[in-house]
Amino acid sequence: MHLKLTPRLESFQEEVRTFLSKELEPEMVAAVRSTTTVWVEREAMLSWQRKLSKRGWAVPHWPEQFGGTDWTPMQHYIFEVECARANAPELTAMGVKMVGPVIIRFGSDWQREEYLPRIASGDDFWCQGFSEPGSGSDLASLSCRAERKGDEYILNGSKLWTTDAHHANRIFVLVRTSNEDRPQKGISFILLDLDTPGVSVTPIISASGDHEVNQVFFEDARVPVSQLVGEEGLGWTYAKYLLGFERGGSIKAERLKQELQRVNRLLLSKVRGGNDHFSMKEIERELARLEILVESLSYTEMRVVAQLEAGGGEPGPEASVLKVEHTEIMQRITELAMTSLGPYGAVLERDRPIDGGRFSDHAGDITSDMLPIVPRYLNFRAATIYGGSNEVQRNIIAKTALHLP
Ligand SMILES: Cc1cc2nc3c(=O)[nH]c(=O)nc-3n(C[C@H](O)[C@H](O)[C@H](O)COP(=O)(O)OP(=O)(O)OC[C@H]3O[C@@H](n4cnc5c(N)ncnc54)[C@H](O)[C@@H]3O)c2cc1C
């Protein structure tokens, strides 16, 4: 692995930096800094997506014929790192990194024409309907049904924890089309509009006070069979393909560095912890440990990119390693931020919006940078559960990387 960029890559890095310095607006950066949830506020994200789309960089990992680029893995890496350093909003994965690649690989020509341009431009906002009550880690046990009647499927059942369904206009769902054979074999992958009669979205407010997830209900919702992706009964294959993108599709260490900087700013401010239980020495020691962990995650990411660059194919268990590492370091950073905030946490709590709204303005020693610390701590408890829980990722690593029985 070479750590020095070639002149060609250096000039690409410069091109990305120039674009970011021209196009990234302060409001977008502020939205990233103040976000309490996984994805940044919708309007800021969409404004950024429109700029990327205009430049041809909204879906760089797609094939060129569908609006992507011919970038090498190293160029993708540089692009992600520079966007993170500049605090640019990350595009929500459900369209560009999940359903988009599935439609490209397995969808019909009609689906490609209909959906791909609208995913790239941000005109369509997608959500992911996989999990159900009782079917999360054991996804193959899902029971939301699609019964074929003539040219339509009739959907009944529900999907749980559906991130951003209240913002989305489209949803991709895994549904049961058969109970014969193995559970995996009777699953199909269907695309549908959320305003289809019989579909309703109910909010779930999380411990952090955010409206981020929902339950989506289907009651005799009728969907044309042209909305089926690929073949009936092969949805499990398509879902596994998609989950590879969900787990391994992003570079995260640079974003974690931004989070550590927030803790550093907090420690340098007048508002800082240190209380009966945690001395400043302990806080500083944990900060140093986390800086080392983030740096080592960064090297793991670079190693994976180097493997891809050398033609190593798609990441396998490495995607699980990166998911576990990223989410557990993130949780430790949010814990350290809470500890560093000390009793001031209670002061911030007073102004925390509990309906997904904005923080009220603050004066004095508390800066806008500090306001999201408590809800981010609470929100990121879920990071080791979603995207495939970390226990399940460890099972994958044990089986496929360590070859344990
Ligand atoms: C904030 C949030 C957002 C989400 N967004 C979406 C979304 O947009 N779309 C979507 O489809 N889903 C979404 N999910 C659902 C998520 O994918 C599931 O919560 C996750 O897969 C775990 O499933 P479960 O909640 O049913 O827990 P369970 O599967 O019941 O797991 C309960 C516990 O048992 C452990 N466990 C389960 N099986 C094993 C095993 N084999 N070995 C060891 N331990 C095991 C788990 O790790 C966990 O600790 C979201 C979840 C959250 C919390």
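Residues numbered from 1 in each chain as written. Predicted model: local features only at pLDDT ≥ 70, side-chain atom pairs only at ≥ 80, totals over all residues.

**Digging into the site of the ligand**
Then, number 1: Around the ligand there are 20 residues in total, and Phe130, Gly136, Ser137, Trp161 and Ser389 lie nearest to it.
Then, number 2: Secondary structure elements with two or more residues in the shell around the ligand: strand 1 (126–129) and helix 13 (390–401).
Then, number 3: Here the shell around the ligand is built from residues that sort into eight nonpolar, ten polar and two charged.
Then, number 4: Split by domain, the shell around the ligand shows at least three residues from each of two domains, domain 2 (126–243) and domain 3 (250–401). (Near = placed C-beta within 6 Å. Helix = DSSP H or I, 4+ residues; strand = E, 2+ residues; numbered from the N terminus. Nonpolar A, V, L, I, M, F, W, Y, C, P; charged D, E, K, R; others polar. Domains from an automatic or database assignment.)

**With respect to the domain arrangement of the protein chain**
Then, number 1: By domain assignment, the protein chain separates into domain 1 (7–90), domain 2 (126–243) and domain 3 (250–401).
Then, number 2: Centre-to-centre, using C-alpha coordinates, domain 1 lies 30 Å away from domain 2.
Then, number 3: If you look at the interface, domain 1 gives five residues, while domain 2 gives six residues.
Then, number 4: Considering only residue class, the side of domain 1 that touches domain 2 consists of two nonpolar, two polar and one charged. (Contact = placed C-beta atoms within 7 Å.)

**Digging into the environment of Ala221**
Then, number 1: Mapped onto the elements of the fold, Ala221 is located in strand 7 (residues 211–224).
Then, number 2: Along the sequence, Ala221 and Ser208 sit 13 residues apart, while their C-alpha atoms lie 32 Å from each other.
Then, number 3: Excluding its chain neighbours within four sequence positions, the residues that come into contact with Ala221 are Leu155, Thr196, Pro197, Gly198 and Val199.

**Observations regarding the nonpolar core**
Then, number 1: Core analysis: the biggest nonpolar cluster contains 91 residues, and Trp126, Ile171 and Ile190 have the highest contact counts within it.
Then, number 2: Ranked by residue count, the leading element in this core is helix 5 (residues 93–106), at seven residues.
Then, number 3: Those residues in contact with Trp126, other than ones at most four positions away along the chain, are Met94, Gly95, Val99, Ile119, Ala168, Arg170, Ile171 and Phe172. (Core = buried A, V, L, I, M, F, W, Y, C linked by C-beta atoms within 7 Å. Buried ≥ 20, exposed ≤ 12 C-beta atoms within 10 Å, placed from the backbone.)

**Remarks on the packing of helix 8 (residues 253–268) against helix 9 (residues 280–309)**
Then, number 1: For the pair helix 8 and helix 9, the least separation of the axes is 9 Å and the interaxial angle reads 165 degrees. The angle between the axes of helix 8 and helix 9 places the two elements in the roughly antiparallel class. You can see that helix 8 and helix 9 cross each other, and the crossing is left-handed. For the pair helix 8 and helix 9, the contacting residues are Ala253, Leu256, Lys257, Leu260 and Val263 in the first and Leu287, Leu290, Glu291, Val294, Leu297, Ser298 and Glu301 in the second.
Then, number 2: In terms of residue class, the contact of helix 8 with helix 9 is built from eight nonpolar, one polar and three charged. (Axes fitted to C-alpha atoms, helices over the stretch in contact; angles between N-to-C directions. Parallel < 35°, antiparallel > 145°, perpendicular 65-115°, else oblique. Left-handed = near helix turned anticlockwise from the far one by under 90°.)

**Topic: the pairing of strand 3 (residues 152–160)**
Then, number 1: Of the two faces of strand 3, only the one carrying Tyr153, Leu155, Gly157 and Lys159 is buried; Glu152, Ile154, Asn156, Ser158 and Leu160 on the other face are not.
Then, number 2: Relative to strand 3, strand 2 (residues 145–149) is paired through five bridges, and the arrangement is antiparallel. Paired with Ala146 across the two strands is Leu155, which belongs to strand 3.
Then, number 3: Both strand 3 and strand 7 contribute to a ladder of nine bridges, which runs antiparallel. (Pairing = 2+ DSSP bridges.)

**Re unusual backbone geometry**
Then, number 1: Of note, Asp220 is a non-glycine position whose phi angle comes to about 50 degrees, a positive value.
Then, number 2: Looking at the element boundaries, Asp220 is found in strand 7.
Then, number 3: C-beta crowding within 10 Å serves as the criterion here: with 10 such atoms nearby, Asp220 is assigned to the exposed category.
Then, number 4: In this structure, His403 is a non-glycine residue whose phi angle is positive, near 55 degrees.

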